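One letter stands for each residue in the lines below.
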Amino acid sequence: MSASRSMYAHCQHRPHAGGSHLSYHQFVNRSRTGGNQPPDPIAGRRRKIAPFAIPSHPGPTASPAELTSYANAKAASLNQHVIGYGDLAETEWAALGLEAPDMSEARRHRLNRIRAELRSRDLAGVVVYDPLNVRYATDSTDMQPWCAHNAVRYAFVATEGPVILWDFHNCEHLSWHLELVDEIRHGTPWFYYEAAQHTAERVRRWAAEIADVVATHGAGSRRLAVDRINPEGVAALATHGIEVVSGEEVMEHARTVKCADELKAMRRAIAACEAAMRRMELALTPGMAEIDLWAVLHAENIRRGGEWIETRLLTSGPRTNPWFQECSARVIEPGDLVAFDTDLIGAYGYCCDISRTWLAGDGRPTDEQRTLYAMAEEQIAVNTELLRPGRTFRELSHAAASLPADYLPNRYSVLFHGVGMCDEYPSVPYPSDWDRSGYDGVLEPGMVVCVESYVGQHGGAEGVKLEDQVLITENGHQRLSTYPRDERLSAGH
């Protein structure tokens, strides 16, 4: 089945105007490309819909197949991503002049990036299980944090062929609105929680189906990339003559360069994140618990179409040193530093990875606090200026501003890292860590990286965390995160 352009990409943020109703057969006809062909007996699997055009019920004599198609079509027209992100986010984005992305174009770009990586490696295709890779390849979502540790849904992208999605029990309707998903099937889970003593039989069944897909759509290649797979799966595919290679490598490299519409989506996600940060800063009051302040970021992210937060990195006072302590019920005291890292997945599924440190209460910072903050600001400023296309990861590592010897034991894990739908390739460590964890590569236009700094003396009282999200442009860089620093702490004030 060939894919066709979805109408919803151009009006996904249109408010629901009462939900126009079409008859079931009008809906089926309209869902077909062109809209005036005779009814398609398999139109229920075609997912091409006009947004908010809710079909009317096919009637009391409808067949089970008609009821299934009706239910899926209704769910597709009311999918959360079709409905959009709500008046609050849209109003804030409009006030900032942030254009809506054409997600149909973003999806095409992402699929083309995957296929370019597959062609360069002479692969039949890739099977992805990581929910973020499934999202990147299909724009389909379903219980993503849960699916990250329960391998129930996966997708196949052929190098030259279809995109097939296998979904969880009774979840096929969640992807019917997506124009580049050519087929939806029920998945075959074979991880232990779902399969237990039947794992061997179910992995054989899974492998047989994957092998059939590769034989049908792999253009003769038996080399298949898979991003996550247990040893049983590799062995089962080998019985069909299929060689498994790294799908992580394929997907990490595909995801590095963002197109214009992806960047529009990311700018909107960051704007929503920073609006949530403003609410946090306004709420920050000595006497409240860290977890109460952290809850504000969660709530305000969700209100603006965000999805989840990947970490619990908010600490106060003595808990800011060493870093990576998780948010607690400690009560914030006047004069405490409060440091946090957003690490959130925002609107459109794009990551907003921004760190700030604030001073609690209305007082003035200590000299030590201002010194820590000045060191972090300087490290961020110097290292941001290094960013330009053509710069190698090794050059970034070895040219970057570092820290004094008595601060290095508490250094952050990286100086720079990529970001897209989550923290991504590349990862650029401190020079002292290069031999252990560094690797080379080159910055390209369209990549987005985070510039990191944590400054806390070894055995010290407090620490400062700062981080900005930066776009690599054709001629240099552009900072995407714009949330202001705390003026009382900043050396610029």
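Refer to the preceding data block for the structure.
The paragraphs below set out a description of the structure included in this document. (Residues numbered from 1 in each chain as written. Predicted model: local features only at pLDDT ≥ 70, side-chain atom pairs only at ≥ 80, totals over all residues. Heavy atoms only, no water.)

Topic: unusual backbone geometry
- Between asparagine 321 and the following residue, proline 322, the backbone shows a cis peptide bond with an omega angle of 0°.
- Secondary-structure assignment places proline 322 in the loop between strand S10 (314-316) and strand S11 (337-341).
- Here tyrosine 425 and proline 426 are connected by a cis peptide whose omega angle stands at 5°.
- If you trace the backbone, proline 426 turns up in strand S16 (residues 423-428). (Helix = DSSP H or I, 4+ residues; strand = E, 2+ residues; numbered from the N terminus.)

Considering the sheet that holds strand S5 (residues 163-167)
- Reading across from one edge, S6-S5-S4-S3-S7-S8 is the order of the 6 strands in this open sheet, with mixed pairing throughout. Bordering the open sheet on either side are strand S6 (183-186) and strand S8 (243-246), each of which pairs with just one other strand. Geometrically, the sheet is characterised by an average inter-axis angle of 25° between neighbouring strands, direction not taken into account.
- One ladder, built from 4 bridges, connects strand S4 (residues 154-158) with S5; its direction is antiparallel. Across the sheet, the residue bridging to alanine 155 is leucine 165, located in S5.
- Lying over the sheet, helix H9 (residues 199-217) contacts strand S3 (125-128), S4, S5, S6 and strand S7 (223-226), oriented at roughly 20° with respect to S4. (Pairing = 2+ DSSP bridges. Axes fitted to C-alpha atoms, helices over the stretch in contact; angles between N-to-C directions. Contact = heavy atoms within 4.5 Å.)

Some remarks on the packing of aromatic side chains
- Per the stated rule, a full pass over the model turns up 15 aromatic pairs.
- Note on phenylalanine 191 and tyrosine 193: the rings are 5.9 Å apart at their centroids and 50° apart in plane angle, and the pair reads as tilted.
- Above the plane of the ring of tyrosine 136 lies arginine 110, whose end atom (NZ or CZ) is 5.4 Å from the centre.
- The aromatic ring of tyrosine 412 is capped on one face by lysine 465, whose charged end is 4.6 Å from the ring centroid. (Phe/Tyr/Trp six-rings, centres within 6.5 Å; stacked < 30°, edge-to-face > 60°. Lys NZ or Arg CZ within 6 Å of the ring centre and 35° of its normal.)

Here we look at helix H6 (residues 131-138)
- Buried residues dominate H6, accounting for 8 of its 8 residues.
- By the burial criterion, the buried members of H6 are Pro131, Leu132, Asn133, Val134, Arg135, Tyr136, Ala137 and Thr138.
- The backbone nitrogen of leucine 132 has a side-chain oxygen 2.8 Å away, supplied by the residue at the start of H6, namely aspartate 130.
- After H6 finishes, the residue aspartate 139 shows a positive phi value of roughly 65°. (Buried < 20%, exposed > 50% of the residue type's maximum accessible area, 1.4 Å probe, protein only. Polar contact = N/O pair within 3.5 Å; in protein donor to acceptor, adjacent residues only side chain to side chain.)

Description of the packing of helix H5 (residues 103-120) against H6
- At a minimum axis distance of 7 Å, the contact between H5 and H6 shows a crossing angle of 110°. What the angle tells us is that H5 and H6 run roughly perpendicular. Facing Arg107, Arg110, Leu111, Arg113 and Ile114 of H5, the residues of H6 in contact are Arg135, Tyr136, Ala137 and Thr138.
- When its residues are assigned to classes, the contact of H5 with H6 shows 4 nonpolar, 1 polar and 4 charged. (Parallel < 35°, antiparallel > 145°, perpendicular 65-115°, else oblique. Nonpolar A, V, L, I, M, F, W, Y, C, P; charged D, E, K, R; others polar.)

Regarding the side chain of glutamate 290
- Relative to the helices and strands, glutamate 290 resides in helix H13 (residues 290-303).
- Setting aside anything within four residues of it in sequence, one finds glutamate 290 in contact with Leu314, Thr315, Ser316, Arg319, Glu326, Cys327, Ser328, Arg330 and Ile332.

What about the environment of leucine 96?
- Examined against the element boundaries, leucine 96 turns out to sit in the loop between helix H4 (86-95) and H5.
- Spatially, the C-alpha atom of leucine 96 lies 9.3 Å from that of arginine 268, the residues being 172 residues apart in sequence.

Side note on the side chain of arginine 255
- Here arginine 255 is to be found in the loop between helix H11 (247-254) and helix H12 (260-283).
- If we skip the residues at most four places from it in the chain, arginine 255 touches Leu132, Asn133, Tyr136, Met421, Cys422 and Glu424.

Quick notes on the sheet that holds strand S12 (residues 344-345)
- Spatially, the 3 strands line up as an open sheet ordered S9-S12-S13, and their pairing is antiparallel. Strands with a single pairing partner mark the edges of an open sheet, and in this sheet they are strand S9 (308-309) and strand S13 (351-352).

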